[in-house]
Amino acid sequence: MTWDNWESVRGGRVLFEDAAALVLNKPAGISVTGERHETDLVRLAADHGETLYPAHRIDKVTSGAILFARQLPYHGDLTRQFNRRTVDKAYLAVTRTGRLPDWGVIELPLSVGRKNRVRIAAERASIVTDGLRWSVPADSVFTHVPTYPSVTAFATVWSDDVHSLLVVRPITGRRHQIRVHLAWIGHALAGDPLFERTETDSRTLLHAWRLAFDAAWLDGRRISVAAAPGEDFWAPLGDRLPSTLLDTAEHRLNGLSAQVTATPAEDDSALSED
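Here goes a summary of the coordinates provided. (Residues numbered from 1 in each chain as written. Predicted model: local features only at pLDDT ≥ 70, side-chain atom pairs only at ≥ 80, totals over all residues. Heavy atoms only, no water.)

### Side note on the overall build of the protein
Basically, it comes down to this: Elements are defined by DSSP. Helices are runs of H or I of four residues or more, strands are runs of E of two residues or more, and each kind is numbered from the N terminus. In this treatment the radius of gyration is a C-alpha quantity, and the globule benchmark scales as 2.2 Å times the residue count to the 0.38 power. Residue contacts are counted whenever heavy atoms from the two residues lie within 4.5 Å of one another. The protein chains shown are the only cover counted for residues, whose accessible areas, like all others here, come from Shrake-Rupley with a 1.4 Å probe. Think of it this way: Lys and Arg go in the positive column, Asp and Glu in the negative one, and His and the chain ends go nowhere. Here the site of a charge means NZ on Lys, CZ on Arg, CG on Asp, or CD on Glu.
In terms of regular secondary structure, the protein is built from 6 helices and 14 strands. A compact globule built from 274 residues should have a C-alpha radius of gyration of about 19 Å, and the protein, at 18 Å, falls within 12% of that. Seen through its C-alpha atoms, the protein measures out along the principal axes to roughly 50 × 45 × 40 Å. Considering only intrachain contacts with a sequence separation of at least 6, the fraction spanning at least 24 residues in the protein is 68%. Counting every atom, the protein has about 13,100 Å² of accessible surface; 47% of that belongs to carbon and sulfur. Of the side chains in the protein, 31 bear a positive and 35 a negative charge, and the two mean positions are spaced by 4 Å.

### Examining helix α3 (residues 72-83)
Under the convention used in this document: To estimate how far a helix should extend, the number of its residues minus one is multiplied by 1.5 Å. Using a 1.4 Å probe on the protein chains alone, a residue whose accessible area is under 20% of its type maximum counts as buried, one over 50% counts as exposed, and one in between counts as partly exposed. Throughout, the arc means that of the directions going from the helix axis to the C-beta atoms.
The end-to-end C-alpha separation of α3 is 17 Å, in line with the 16 Å expected for 12 residues at 1.5 Å each. Taken residue by residue, α3 has H75, L78, T79, Q81 and F82 as its buried positions. Along the axis of α3, the buried residues cluster in a sector spanning 150°; they form a single face. In α3, the exposed positions angled more than 90 degrees off the buried face are occupied by P73 and N83. Of the surrounding elements, those touching the buried residues of α3 are β3 (53-54), β4 (63-69), β5 (88-95), β13 (206-215) and β14 (221-226). Taken from the residues just after α3, R85 is the one with a positive phi, measuring 60°.

### Brief notes about the packing of aromatic side chains
Going by this rule: Aromatic pairing here means that ring centres of Phe, Tyr or Trp (its six-membered ring) are within 6.5 Å. Orientation follows from the plane angle: under 30 degrees is stacked, over 60 is edge-to-face, and everything else is tilted. Here, over-ring charges are defined by two tests on the NZ atom of lysine or the CZ atom of arginine: distance to the ring centre within 6 Å, and angle to the ring normal within 35 degrees.
For the structure on display, the rule yields 4 aromatic pairs. The positively charged end of R117 is found above the aromatic ring belonging to F195, 5.7 Å away from the centroid. The aromatic ring of W184 is capped on one face by R124, whose charged end is 4.3 Å from the ring centroid.

### Notes on the nonpolar core
To be explicit about the condition: We define the nonpolar core as a collection of buried residues of types Ala, Val, Leu, Ile, Met, Phe, Trp, Tyr and Cys that are connected through side-chain atoms lying within 4.5 Å of one another.
Formed by 40 residues in total, the largest nonpolar core has its most connected members in W6, F68, F154 and L182. It is helix α4 (residues 177-184) that provides the largest number of residues to this core, a total of 5 residues. Core analysis: the next-biggest nonpolar cluster, separate from the first, contains 23 residues, L92, I171, W209 and F233 among them.

Distances and angles like these do not, on their own, reveal function.
In structure tokens, the structure reads:
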């Protein structure tokens, strides 16, 4: 679908809104900002007379919760919350694989390769795992390029012989982090044009599901939103899913916090969250 009308993107997709901030449930297929030859959310809004300042980004192929400041004075505080990793984020992801563990932690450093492509900062053969955690030995990490520590935690919500639904917490916020991490451990996202796209895929099955941040202009009140995935996200799974799926995802997400230790915050602008 081509998104060229701000009212059609905004309508029915507002998750939170006041004079300072706006959270939208972004559809897949449109960038947040920075497109040269295509439209994006910021440009669409501006053409309609609404100025928005994105506090973070999610990929064009990803749907879900995206936070904007509506006034410039609030933008700096919101972006700093992402940089300091005080924002809670959770994604829903579908792989075209089974046999994932109940939970896992992927701690693989990232680097930028040819054509600005994000990859693991080590050879694939050096990845080691005990079945629950994936990492590379320190002496296997590339030294000829800048590298960025990156951690992704996930829990399996549902699986059959064809697909698996995961709830994912990106502990760090690097560009393409979830997509690259899952692909390099052998569980690429269904429909991902970087790794797993086929002619029958209509979109990448990655969705920014939950987002929580502090609203300084509301005396520091914690704002939590949940972005319901659209029918285009669930369609490839057909009628195989149980009706209690999102309740199960919530339970699995809560259990992840006990499994994960976050890495120290760093200023890694070359691979900042998108």
